Amino acid sequence: MLTNCPTWPDEWAQLYREEGLWQGLTLGDMLTEQARVHSERIAVVSGEQRLSYETLNQRAQELAAGLLTLGVKQYDRVIVQLPNIGEFFIVVFALFKIGAIPVFALPAHRHSEISYLSEFSEAAAYVIQDQDNGFDYRELANAVKDQVATLEHVLVVGDPGHFRSLDSLYQLNSEVPSSSGWPEVKASDVAFLQLSGGSTGLPKLIPRTHDDYMYSFRRSNEVCGMNEDSVYLAALPVAHNFPLSSPGVLGTLLAGGRIVMASRPSPDDAFPLIAKERVTITALVPPLALIWMEAAASRSYDLSSLKVLQVGGAKFSEEAARRVKPELGCTLQQVFGMAEGLVNYTRLDDSDDVIVSTQGRPMSAWDEVRVVDEDGLVVKAGEVGELWTRGPYTIRGYYKAEAHNAKSFTEDGFYKTGDLVMVNEAGYLVVEGRAKDQINRGGDKIAAEEVENHLLSHPGVYDAALVSMPDPFLGERSCAFVIPRGDALSVAELKNYLRSRGLAPFKIPDRVLFLTAFPQTTVGKVSKKALRESLLPTTV
Ligand code: J2J
């Protein structure tokens, strides 16, 4: 077992099993079964590549055999940083099948994030594509490998340079390699580690089990009407929890549908794919939904197959939400989810008013939702408070984070989301704000403390505070307030410094402002509220 992963108490686990929520299947078993049932049907389309269920399973088996021969073991952590390509599925299912544990990184992550993830998870391997979007991941791998002692293997899709190519690992057979003698993977095991949006200096890792994750996308499939005819466009980075499981690509595979991988989410990339592959459902963050709506009017692609546009990851304004149906001709589904678990959906048959004005309701009758005030007391119906939640697919704690877990979870296992919500009479949630120290930059989450720590490491910085500023397109952007030490610093110098530390581009502050002192709260802490307010246009 992967140690240091808090899990559900036995009585809850037993209940979820008795109720049929956890079915004792692993993700690897799921693909084997789907290959049996859907054999020749196409599972994944990625560029010219069209993988049938059978081929996908066979390739995953072959790679699994190759990984075992290479020495990758059950419970080994493997950083997976791949763009939206077919190999993503071959790699992660190969890992699931041998019980090795993918750690999902995003393509935007750079040295700071990858070296931290590798070190913290004591990763044995790192899987990349040679290059994508003008960035050479092999160079990143060189730097990370020098630094992380546990990292034995770098496996590359494409030209491997001096590393090992993924292709060299397939143990080719005329038949599907047998899995006899392979490690026994249990459905109650942790299947992978997902990255938390985070609000602390260092990102937290989310352990999801086969049992709980399979429940989350099985139930999502029911809510989202997924079936064999569903064609899901993966436009967002596929390792993110939303396109992965709500119901996302894994839901699509479970439904026997077809996944279409978009290398970029722009209309120029996505619209032709929708038209050609007759895509029925896709998921976007709010800024992309705005771009798609703008583009739909002027592009002449046939988008008529698209039945459902899911929007989530950040608050979608009611004004923008109202435009989806008339401008894209499909049903909007708002999705308010989190990699820690709980996912809320508006239902496809909800009234337009509910769809545009709420972020949906929990997908499962087994989700427990509490809305509390600052003292942890349940607020009156209809009042705003922090959302706490517990349920069959919401984690009970982060990986290796005992002290943090004591703060982020209640003793009876509720996860404190840090989101401020209002629950209406019908049980629908409206996201009203955030209690956590995070910036949500159009769905990309930035932990203020993480960026502040990088800024503070600069010798010319005496103090730093990162806050959000409203933005009509991204919802929020980030602004760093900096108190310089001694000599004057320039904005360009600070931003370059952060880039040189290998911070993901979306975390580089959009704006940097210098101050001589920070406004303080009554207890003498930096008042981020006052800093945020100082950025707003003053009304006279
Ligand atoms: C406002 N805030 C939202 C929404 C997420 C499905 C969809 C999204 C995620 C996700 C996910 C929001 N309105 N509609 O994992 O399975 C903010 C909240 C939340 C945080 C979680 C899924 N949808 N948010 O975004 O782990 O602050 O997951 O706590 O990346 O995003 O971020 P993340």
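If you're wondering where the values come from, they're calculated on a predicted model, not measured in any experiment. (Residues numbered from 1 in each chain as written. Predicted model: local features only at pLDDT ≥ 70, side-chain atom pairs only at ≥ 80, totals over all residues. Heavy atoms only, no water.)

### Remarks on the sheet that holds strand β21 (residues 415-423)
Consider a sheet: its strands pair through backbone hydrogen bonds, and that pairing is either parallel or antiparallel. In space, the 4 strands of this open sheet follow the order β19-β20-β21-β22, with antiparallel pairing throughout. At either margin of the open sheet sits one strand with a lone partner, and together these are β19 (368-372) and β22 (429-434). When the angles between neighbouring strand axes are averaged without regard to direction, this sheet yields 45 degrees. (Pairing = 2+ DSSP bridges. Helix = DSSP H or I, 4+ residues; strand = E, 2+ residues; numbered from the N terminus. Axes fitted to C-alpha atoms, helices over the stretch in contact; angles between N-to-C directions.)

### A short note on the side chain of Thr200
Counting through the fold element by element, Thr200 comes out in the loop between β10 (190-195) and β11 (205-209). Judged by its relative accessible area of 16%, Thr200 falls in the buried class. Polar contacts involving the side chain of Thr200 include one to the main-chain carbonyl oxygen of Leu202, which spans 2.9 Å. Side chain to side chain, Thr200 and Lys204 meet in a polar contact 3.1 Å long. In contact with Thr200, other than residues within four places in its own chain, are His404, Ala447, Glu449 and Glu450. (Buried < 20%, exposed > 50% of the residue type's maximum accessible area, 1.4 Å probe, protein only. Polar contact = N/O pair within 3.5 Å; in protein donor to acceptor, adjacent residues only side chain to side chain. Contact = heavy atoms within 4.5 Å.)

### As for the site of the ligand
The local shell around the ligand holds 20 residues, among which His240, Ser246, Val335, Asp419 and Lys445 are the closest. Between the ligand and Ser246, the relevant distance is 2.7 Å, taken from an oxygen atom to a side-chain nitrogen or oxygen of the residue. The contact in question runs from a nitrogen atom of the ligand to an N or O atom on the backbone of Gly313, over 3.0 Å. Out of a free accessible area of 610 Å², the ligand has 96% covered by protein chains. Of all elements in the fold, only α8 (241-245) and β16 (331-338) reach the threshold of two or more residues within the shell around the ligand. For the shell around the ligand, the class distribution of residues is 8 nonpolar, 8 polar and 4 charged. (Near = heavy atom within 4 Å. Areas by Shrake-Rupley, 256 points an atom, 1.4 Å probe, with all protein chains shown as cover. Nonpolar A, V, L, I, M, F, W, Y, C, P; charged D, E, K, R; others polar.)

### Re the UniProt feature "domain: AMP-binding enzyme C-terminal" (unreviewed entry) in the protein chain
Summarizing the sequence annotation, UniProt attributes the feature "domain: AMP-binding enzyme C-terminal" (unreviewed entry) to residues 450-525 in the numbering used throughout. With 22% helix and 33% strand, residues 450-525 has end C-alpha atoms that lie 18 Å from one another. (UniProt positions renumbered as here; feature names shortened; annotations may be inferred.)

### Digging into the packing of aromatic side chains
To describe a pair of aromatic rings, one takes the distance between the centres and the angle between the planes. With the rule as written, the count across this model stands at 19 aromatic pairs. A centroid spacing of 6.1 Å and a plane angle of 80 degrees characterise the contact between Tyr213 and Phe217, whose relative ring orientation is edge-to-face. With Tyr213 and Phe217 both in helix α7 (residues 210-224) and 4 residues apart, this pair spans about one turn of that helix. Under the relative-accessibility criterion, Tyr213 is labelled buried at 0%. Residue Phe217 is classed as buried on the basis of its relative accessible area, which comes to 0%. On the numbers, 5.3 Å between centres and 90 degrees between planes, the contact of Phe271 with Trp292 is edge-to-face. In this pair, Phe271 is assigned in helix α10 (residues 267-277) and Trp292 in helix α11 (residues 286-298), connecting sequence segments 21 residues apart. (Phe/Tyr/Trp six-rings, centres within 6.5 Å; stacked < 30°, edge-to-face > 60°.)

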